[in-house]
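Okay, here's what each chain looks like letter by letter:
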Amino acid sequence: MSRSEELFERAKKVLPGGVNSPVRAFRAVGGSPRFLVKGLGSHILDEDGLEYIDYIGSWGPMVLGHSHPDILKAVYDRMVNGLSFGAPTALEVEMAEKMISMVPNIEMVRMVNSGTEAVMSALRLARGATGRDKIIKFEGCYHGHSDAMLVGAGSGALTQGEPDSKGVTKGAAQDTLMAQYNDLASVERLLDANPGEVAAVIVEPVAANMGVVPPKDGFLQGLRNLCDKHGALLIFDEVITGFRLAAGGAQEYFGVRADLVTFGKIIGGGMPVGAYAGSRALMEQVAPCGPVYQAGTLSGNPVAMAAGLAQLQILTDHPEVYTVMETSAQYIANHLRASADKHGIKMQVNQVGSLLCPYFTDTPVDCFAAAKTSDTKKYAKYFNEMLLRGVYLAPSQFEAMFVSSAHTQKDLAFTVQAADESLAAL
């Protein structure tokens, strides 16, 4: 039995499912999760001394790879002076100023501790600012595990949501309405059916929790127009796309204005952190300025702020990082398509910026229903073949591959060779 297998057996006795977040359990792909001990650049090392090229990158924030020396130095320099105070530090101010300088259309920021908390707080702000109760989200888009976001589609196109998890009450779900990603008509029907009741439409600008599904031309601008028409706020959940698609996130990349934006661990260089941001008029509705309450002892943690500031400064100083990452992702995507054709395997490969995802289907993937046509058993086999060859992918069909600036040409060549061999083995 390997060291990872031993640890997993121990973990199952003390952690639900042996993990602290469900997708880590490998249930969608079979086998035992690898327990990791080290990350350096684009590579990770597990407890058994096995090395992998990493395409998870802590689910997105490692745009510069693992253990970047500037980030590690910033963390060390900060931590020797204390880990947490529950009181203001200059770093919080500097981080907010940095974010505002990079991201279009935001004037104030509130730091929190996770992407889930950022979304939960932004939704509360939207309701408080508009005086409305209902939220529209999209099937297949994930916005963290707050009650109102753990909602599945109801029995009809215009019905309220139904709880998608035990422990979520119908009351918590009843004000969440479900639309279809890339389908403006489904949003308009909900807005028309609930006049003056919808506080906000929340969307992943690139749907990266059903794999990688890009917005169709005009979709995001169409949401902007519908929100303006109906007096609702538009919230971009940029926990994945923020500072990854571009220095200014999806608003810069797609040229569409959001009213509120949520961020996650990427602004902490991988450390636990989150934030929500918007105009001064909206953000001053948040306590202590306004009546919308939200608080957190660890919000703006100085060590996380130091790490995040170091990462954002590098991205500012080296904008070519984005071209490098996108070019690398395109390289992998093109080779995956060619290999699939060579081996007669039905595959769609979606890619936006440094995000990509292969789907084992011949149906173009532009929404959640199309994503679900993918052969998940085939993906599981592909995942395990890649793992055996030293390439670490997401242990789920419906997650993205994250390319970092640390992935070298050697890494890319190794990856596409492994993919060709893995697809041949299917």
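Look up a bit, the structure's there.
Below or above, wherever it landed, is the structure these notes cover. (Residues numbered from 1 in each chain as written. Predicted model: local features only at pLDDT ≥ 70, side-chain atom pairs only at ≥ 80, totals over all residues. Heavy atoms only, no water.)

Considering the nonpolar core
Right, on to step 1. Counting 75 residues, the largest nonpolar core has M99, F138, F243 and I267 as the members making the most contacts within it.
Right, on to step 2. Per-element tally for this core: the top contributor is helix 10 (residues 302-317), with 10 residues.
Right, on to step 3. Counting 33 residues, the second-largest nonpolar core is a separate cluster that includes F26, M386, A394 and L412. (Core = buried A, V, L, I, M, F, W, Y, C linked by side-chain atoms within 4.5 Å. Buried < 20%, exposed > 50% of the residue type's maximum accessible area, 1.4 Å probe, protein only. Helix = DSSP H or I, 4+ residues; strand = E, 2+ residues; numbered from the N terminus.)

A look at the layout of surface pockets
Right, on to step 1. Its boundaries defined by the atoms lining it, the second largest pocket holds a volume of some 440 Å³.
Right, on to step 2. Looking at the second largest pocket, it is lined by 23 residues, and the ones nearest its centre are E92, R110, M111, S299 and G300.
Right, on to step 3. Secondary structure elements with two or more residues in the lining of the second largest pocket: helix 3 (90-102) and strand 4 (108-112).
Right, on to step 4. Counting residues per element, the lining of the second largest pocket draws most heavily on helix 3, at five residues. (1 Å grid on protein atoms, 1.4 Å probe; cavity = no way out; pocket = protein on both sides within 12 Å on 5 of 7 lines; lining within 4 Å. Points joined across faces, edges and corners; volume = space filled by probe spheres on them.)

Some thoughts on the state of the cysteines
Right, on to step 1. According to the stated counting rule, one finds zero disulfides in the structure shown.
Right, on to step 2. Looking at C367, it has no disulfide partner, and the nearest cysteine sulfur is the one in C141, 11 Å off. (Disulfide = S-S within 2.5 Å.)

Here we look at the side chain of K134
Right, on to step 1. Counting through the fold element by element, K134 comes out in strand 5 (residues 134-138).
Right, on to step 2. In terms of polar contacts, K134 uses its side chain to reach the side chain of N194, at 2.8 Å.
Right, on to step 3. Setting aside residues no more than four positions away along its own chain, K134 makes contact with D175, L177, N194, E197, V198, A199 and A200. (Polar contact = N/O pair within 3.5 Å; in protein donor to acceptor, adjacent residues only side chain to side chain. Contact = heavy atoms within 4.5 Å.)

Some points on helix 2 (residues 69-79)
Right, on to step 1. Considered for burial, the residues of helix 2 that qualify are I71, A74, V75 and R78. Considered in projection along helix 2, the buried side chains sweep an arc of 95 degrees and stay on one side of the axis. Those residues of helix 2 that are exposed and angled more than 90 degrees off the buried face are P69 and K73.
Right, on to step 2. For helix 2, the elements touching its buried residues are helix 3 and helix 10. (Arc of directions from axis to C-beta.)

Re the side chain of S328
Right, on to step 1. Position of S328 relative to the elements: it lies in helix 11 (residues 320-342).
Right, on to step 2. Classification of S328 by relative accessible area gives buried; the value is 4%.

Regarding the packing of helix 13 (residues 376-388) against helix 14 (residues 409-425)
Right, on to step 1. As a packed pair, helix 13 and helix 14 sit with axes 9 Å apart at the nearest point and diverge in direction by 130 degrees. Put simply, helix 13 runs oblique to helix 14. At the point where helix 13 passes helix 14, the crossing takes the right-handed sense. Taken together, the residues of helix 14 that come into contact with helix 13 (itself represented by Y382, E385 and M386) are T415, A418, A419, S422, L423 and A425.
Right, on to step 2. Of the residues in the contact of helix 13 with helix 14, the class split is six nonpolar, two polar and one charged. (Axes fitted to C-alpha atoms, helices over the stretch in contact; angles between N-to-C directions. Parallel < 35°, antiparallel > 145°, perpendicular 65-115°, else oblique. Left-handed = near helix turned anticlockwise from the far one by under 90°. Nonpolar A, V, L, I, M, F, W, Y, C, P; charged D, E, K, R; others polar.)

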